[in-house]
Amino acid sequence: MIDIIRIFIEEHQAAIGLIILAAMLVGFVLERFPATVVAIIGACTFLFLGILDSKGLFSVFSNEAPITIAAMFILSGALLRTGTVDAIANAIIKRAGKHPRLAVVEMFVGIYVASAFMNNTPVVVVMIPIIIRLAGAINVSPKKLLIPLSYVCVLGGTTTLIGTSTNLLVDSVARGAGMDGFGIFSITPYGLVAGVSGMLALIFISRWLLPGDKDSGPVVADESAGFLTEVTLTKDSELAGRKIAELPLFKRSKIQVIALKRGGRFQRTAIGFETLGMGDRLVLRLDAAELLTLRQNEDYEVGLTAGDSDVATNAVGLVEATIAPSHPSIGQRLIDIPFLSTLRVRILGVSRFRKVPGPDLPNARIHAVDRLLITGAERDVRQLYGNPYLYSVGETLVREFRRDRAPIAIGALAAVVILSALGMLSIGIAAIIAVGVILLTRCIDAEEAWTSIEGNVLVLIFAMLAVGLALEKAGSVSLIVEALTPILSDMPAWALVASVYILSVLLTEIVTNNAVAIVVTPIVIKLANDLGIDPKPLVIAVMFAASASFATPIGYQTNTLVYAAGGYRFVDFFKAGVPLTLCVGLATVIAISLLG
C-alpha cells in the first residue's frame, strides 16, 4: 500500500504541488493562521510527501538573501538608535511653521529617499508620530498624510535593490535560475518613474480621496502626552551664562521647554531670551527616548530626589513603574511619594495618559496609572519590584539616542551602497561587514540588534524558499508554464509585461509580498526561456508588482501600521489604493517596455 501511494505521488507530483500551493493561497487569504505558519505547513507537507528531501530543505538556509535582509534590518536599527532619522524629521518639522507646504514636500521626499536604503517598516514606525505632529503644524487632518506615508515608503523601497526584502528575494531567485544578478541601482530608473508617477497621483488622492477631520474623530500619536521632567546645570557645566535658546535641548523638536523656575517663581513666556544660571531649573516635556538621552548628558541633572540624596542622573539601575490605583499617595505631590524618602533613587520623569502633569515635577499631583521613570543603584531599584503600590515595574523598552555615533552608522550604510554599486563586494558581504562595524563601535547593542530583526519575515522567507524549491522539483512550475505558453506566445512584449504585472499585483493584495516574489519569479523566468525572450523585463515586473500593495491595509506591513494608527476604514485604502495601483502600474509597465 505504501509503495502504491509513493508511486502515485511520484507520477502526479506536479499536480500535487499545485494543489498544495492552492491550499496555501487559500490559507493566506483566510488568515486563520499567520502567513508564516501557513508557509511552514506547506513546506512540511512537501517534506512529508517526499517531494522535498532533507538535503533540499536545508539548502535554502545557504541562500544569501535572507541573511542580507537580516543585516539590513540591523543597519536600519542602528540609524534609528543613533537618531539619524529622527534628526532629519525634526529639522523638517521646524520648517513647517515658516513653509508648511514645502515642509510636507521635504518630509515625503526624505521618507522616499530613506526607504530606498532602509527597511521601510521601522521608517514608518518612527515617522507616524512625526507625521501627526506635522499635520497639526500645518492644520490638516493626519488622515490626509498617514496613508501617503505608507505608500511613499513602498515606492521608495522599489528604487534600489536593498530598499525592500522583496527586491533582494527576486534577485536571489533569479540568480539561482541562472540569470545575471541585479546591481544595487539596476532598477533605479524604473523605480524613479514609478515614484514620480506615484507622488503625483498621491497629490490628487490625498486631497480628494482620503478622509479628513470631518469624516472621523481625531488621531492621537500616542496614548502618552510625553514625560514631564526638570533639569538643572551641573557644577562643572560650561553652559552657564548662555541664553536658553542657544542650548542644544531647546533646539530639539521633541523637547518642549514649559517653564523656567528661578527663585521660586515660574516664567512661561519668552524663556529662550533668558540666560541660564546655576540653580535655575527648566521644566520640560519630552518623549522617553529624549529623556533617556538627556540623562547621559553631563551638563544636566535630570529629575528629582528626596532630601540630600546624591543619586546620579545616569545611575546604572533604570526601571519604568506604574502607580497602582490603591497607592496611598494618590492626590499628593510627587516629591512626597514614600519610596523617595526610603530608597536612594531618582525620579527622572512622570507621564500621564493624554495629559501633562504639572505645574512642575516635585509638585505634580499623583494619579492612578501615572508612569514613572526611576533610576538608582541596582540594589535600591530592585526593591521597587516588591512595592505593592507599583505595578508593571520593569526595564523600559525605550533606549536613549547615541547621536555621537550617527556618522558611523551613516558611513556603514553608505559603504554598503558604494562597495556593492562598484562591484567590489556583494551586497550580502558588504552588509555583514557593516553590521560588524556598527556592533564594534556600539552604534547599537548586540541584544538590540537581534531584536531589530523581524523574525517572522525571515522564517516566512526560508519556508517559502523551500516551497519554491519543492514546486520546481515537482515539476509544478513547468506545468504552469506549459499551460500559459500557448496563451502568451503571441502577445507583444508590452502586453506580456503587463500580464505578469497584473497577475503579481493581484496576488500581492491577498498574499504576502515575499511569497509572491518567490513563487512567481521562477515561473516567469521559465516562461521567458520557453518563449525565447529575455526574462529580465518580466522579473523586474514581478519585483515591482510584488511591492505595489496599495489597495488593502493587509497587503503590506506598512499599510497595517498606518491603518491602526490613523483609525482608517478598510474602504479608505481601497478608494486611495486602486487609483494609485493603476497609475503606478501603468507607468511601471511603460518604463519596463521602453527601457527593457
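For the structure, check the block above.
Calculation criteria
Residues numbered from 1 in each chain as written. Predicted model: local features only at pLDDT ≥ 70, side-chain atom pairs only at ≥ 80, totals over all residues. Heavy atoms only, no water. Helix = DSSP H or I, 4+ residues; strand = E, 2+ residues; numbered from the N terminus. Contact = heavy atoms within 4.5 Å. Core = buried A, V, L, I, M, F, W, Y, C linked by side-chain atoms within 4.5 Å. Buried < 20%, exposed > 50% of the residue type's maximum accessible area, 1.4 Å probe, protein only. Salt bridge = Lys/Arg side-chain N within 4 Å of Asp/Glu carboxyl O. Expected span 1.5 Å × (residues − 1). Axes fitted to C-alpha atoms, helices over the stretch in contact; angles between N-to-C directions. Left-handed = near helix turned anticlockwise from the far one by under 90°.

A. The environment of Ile330, seen in detail. Turning to its location among the elements, Ile330 is positioned in the loop between β6 (317-323) and α13 (338-342). Residues Ile330 and Thr234, 96 residues apart in the sequence, show an inter-C-alpha distance of 32 Å. Non-local contacts of Ile330, meaning those with residues more than four positions away in its chain, are made with Ile323, Ala324, Pro325, Ile366, His367 and Ala368.

B. Highlighting the nonpolar core. Counting residues in hydrophobic clusters, the biggest one holds 142 residues, and the most contacted among them are Met107, Ile111, Met127, Leu149 and Met464. Broken down by element, this core gets its largest block of residues, 13 residues, from helix α18 (residues 455-474).

C. Focus on the pattern of salt bridges. Using the criterion set out here, one finds 22 salt bridges in the structure. Note that Asp171 is salt-bridged to Arg175, the shortest N-O span being 2.9 Å. In this pair, Asp171 and Arg175 are both assigned in helix α10 (residues 165-176), 4 residues apart and thus about one turn of the helix distant. Accessibility expressed as a relative area gives 7% for Asp171, which makes it buried. Residue classification places Arg175 among the partly exposed positions, given a relative accessible area of 45%.

D. Fine view of unusual backbone geometry. The linkage connecting Gly358 with the following residue, Pro359, adopts the cis geometry, with an omega of 10°. Non-glycine residue Arg442 carries a positive phi angle of around 60°. Its location among the elements puts Arg442 in the loop between α16 (427-440) and α17 (446-452).

E. Main features of helix α21 (residues 513-531). The end-to-end C-alpha distance of α21 is 26 Å, a good match for the 27 Å that 19 residues give at a rise of 1.5 Å each. Of the residues one or two after α21, Gly532 is the one with positive phi, at around 75°.

F. Fine view of the environment of Ala548. Within the secondary structure, Ala548 sits in the loop between α22 (536-545) and α23 (557-566). The spatial distance from the C-alpha of Ala548 to the C-alpha of Asn513 is 8.8 Å, given a sequence separation of 35 residues. In this structure Ala548 touches Tyr501, Val505, Glu509 and Thr581, once residues within four positions along its chain are discounted.

G. Highlighting the packing of helix α5 (residues 64-81) against α16. Contact geometry of α5 with α16 gives a least axis separation of 9 Å together with a crossing angle of 35°. Pair α5 / α16 crosses with left-handed handedness. Facing α5, whose interface residues are Glu64, Ile67, Thr68, Ala71, Met72, Ile74, Leu75 and Ala78, α16 presents Ile427, Gly428, Ala431, Ile432, Ala434, Val435 and Ile438.

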